[in-house]
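# Examination of the molecular architecture
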Amino acid sequence: MMIIYNYMSDFFWGKRLLHIILFTVFFISCINEEVCEDVETVPVRLGFYTEIENEPEPASLIIDSLKVHGLGKDSLIYNYQRNISRIELPLNSGADSSAFILYFPAPPEFSHLAKDTIWFFYDVLPTLISMECGFASFFELKEVRHSRMFIDSIYIEQISVTNTLDEHIKIFPFIDDGDN
Amino acid sequence: MSAAARAFAEPEVRQFEISADSELLRNWFFNLEGGILRVNSEQERFTYSASGFFLRTGVDFNLLGRPHAEQNDLVLIGIRYAYSSLWHEAPFYLLDNPYWGSHTGSIDRSSYYAHWMEFAGGVRTEFFKNFFLGWTLRTRIPLVKSRDSEIQPYYIGGFGQGKRRAPVMIHFSAFYKLGL
């Protein structure tokens, strides 16, 4: 016990200075530095993947060109974006579902076949981020459906859509292995 | 004192806390802590209010012991059980969504509770006769929280920001020793 005491006596020798420093650091640390732009619209993140034989984890897949817009909306979220392996889609916080149309690269004569629609069904979770930023919508995914023109399957990896950088959905397109 | 510092950084959140402890067994300090919470924010983009109370009880052990009678400095480790209850509401909020369009909503007044455990470690030093300043570093492990609340509270009295899962916080306290 004396060893502990001697050690701590040295510690307490500068106790007033220590407290002053800690109080100062604490007051400075109270300054709120939340970046509101980062949380204004919380997107659902989707990555493109392909299964590799004898590999436990799927490999990331790069799509040559991708166009995306919301169902019933004209404005594009992605406008033939090149070399893309991950996309971020803004869910509609005014409804409990959102749908998006994805146009994949294809020869002109097959372009009408190379598009899929993805529907997201979710609960909207309004969340007060900070007094400065106000409310943002977080989401909890309940179900994801998709057409099967280009997309083979979808796997929901994370149902909570919040202000983190997590990927929520894995998309597995049909892969032409050249045998057909 | 930590709550006072927080009010300086974010005046919409007001928390008052008082703590008492007694060395019922040599080097064992049994403590009771309690406080109240008020949150009130009326802004262009949202209004939010909350009020509640919290209680903590537990025990601290003085690692330093009492090698000398005049030795009043303490090095403490401790454990606490805590409970917080509050009511909160958001009569108006605006959710920005540049793609689908912004919309407004409201959340009715509802109750919320949380139980958690705290593990604490810190020091307390005698600045003047019978007047002590101290700090404790605390980690909080949630046990049970309300599940039926429509939104997560912005601030849970005694716990911290509602969006944090297991916050680690530092408490600064001033104590007066009563000659009982």
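### Quick notes on the overall build of chain B
- From N to C terminus, chain B includes 1 helix and 9 strands.
- Helices and strands in chain B line up, N terminus first, as α-β-β-β-β-β-β-β-β-β.
- Within chain B, the proportion of its 180 residues that are buried is 48%.
- Here the contacts in chain B between residues at least 6 apart in sequence split such that 61% fall between residues at least 24 apart.
- Of the side chains in chain B, 19 bear a positive and 18 a negative charge, and the two mean positions are spaced by 5 Å.

### Focus on the pattern of salt bridges
- Enumeration according to the criterion identifies 17 salt bridges over all chains in this entry.
- Residues E157 of chain A and K170 of chain A are paired through a salt bridge, measuring 2.6 Å at the closest nitrogen-oxygen approach. Taken together, the positions of E157 of chain A in the loop between strand 9 (151-156) and strand 10 (160-161) and K170 of chain A in strand 11 (residues 169-173) put the pair 13 residues apart, joining distant regions of the chain.
- For R124 of chain B, the salt bridge goes to D21 of chain B, with nearest N and O atoms at 3.0 Å. Remark: D21 of chain B occurs in strand 1 (residues 13-25) and R124 of chain B occurs in strand 5 (residues 103-128); sequence separation between them is 103 residues.
- Several salt bridges converge on common partners, so that one network encompasses E17, E33, R56, D60, R80, E118, R138 and R140 of chain B.

### Here we look at the pairing of strand 4 (residues 76-84) of chain A
Residue and element names in this part refer to chain A.
- Inspection of the sheet shows strand 3 (residues 63-70) paired to strand 4 by 5 bridges, in the antiparallel sense. From the neighbouring strand, H69 faces strand 4, where its bridge partner is L76.
- Following strand 3, the chain reverses through 5 residues before pairing antiparallel with strand 4; G72 in that reversal takes a positive phi of roughly 85 degrees.

### What to know about the pairing of strand 3 (residues 46-62) of chain B
Residue and element names in this part refer to chain B.
- Where strand 2 (residues 28-42) and strand 3 come together, 15 bridges link them in antiparallel fashion. Along strand 3, the bridge assignment pairs G34 with L55.
- The antiparallel pairing of strand 2 with strand 3 creates a hairpin that spans 3 residues between the two strands.
- Note that strand 3 and strand 4 (residues 74-95) share 16 bridges and pair antiparallel. Bridge pairing in strand 4 links L55 to Y83.

### What to know about unusual backbone geometry
- With a phi angle near 45 degrees, N83 of chain A is a residue other than glycine that sits in the positive phi range.
- By secondary structure assignment, the location of N83 of chain A is in strand 4.
- One non-glycine residue with positive phi stands out, namely N27 of chain B, at about 75 degrees.
- Looking at the element boundaries, N27 of chain B is found in the loop between strand 1 and strand 2.
- N27 of chain B sits in the buried class, given a relative accessible area of 11%.

### A few points about the sheet that holds strand 3 of chain B
All names here are of chain B.
- Taken in spatial order, the 7 strands of this open sheet run 1-2-3-4-5-6-9, and their pairing is antiparallel. The open sheet has two free edges, formed respectively by strand 1 and strand 9 (168-176), since each of these has just one partner strand. In this sheet, adjacent strand axes meet at a mean angle of 20 degrees when their direction is disregarded.

### Structural notes on the confidence of the model for chain B
All names here are of chain B.
- With 94% of its residues at a pLDDT of 70 or more, chain B has an overall mean of 89.
- Taken element by element, the predicted model of chain B shows its lowest mean pLDDT in helix 1 (residues 2-9) (65) and its highest in strand 3 (96).
- Scored by ipTM, the complex comes to 0.79, with pTM at 0.77.

### A word on the side chain of R80 of chain B
All names here are of chain B.
- Mapped onto the elements of the fold, R80 is located in strand 4.
- A relative accessible area of 3% places R80 in the buried class.
- Side chain to side chain, R80 and D60 meet in a polar contact 2.8 Å long.

Parameters and conventions
Residues numbered from 1 in each chain as written. Chains lettered and ligands numbered in written order. Predicted model: local features only at pLDDT ≥ 70, side-chain atom pairs only at ≥ 80, totals over all residues. Heavy atoms only, no water. Helix = DSSP H or I, 4+ residues; strand = E, 2+ residues; numbered from the N terminus. Buried < 20%, exposed > 50% of the residue type's maximum accessible area, 1.4 Å probe, protein only. Contact = heavy atoms within 4.5 Å. Lys, Arg positive; Asp, Glu negative; His and termini not counted. Charge placed at Lys NZ, Arg CZ, Asp CG, Glu CD. Salt bridge = Lys/Arg side-chain N within 4 Å of Asp/Glu carboxyl O. Pairing = 2+ DSSP bridges. Axes fitted to C-alpha atoms, helices over the stretch in contact; angles between N-to-C directions. pLDDT = per-residue confidence, 0-100. Polar contact = N/O pair within 3.5 Å; in protein donor to acceptor, adjacent residues only side chain to side chain.

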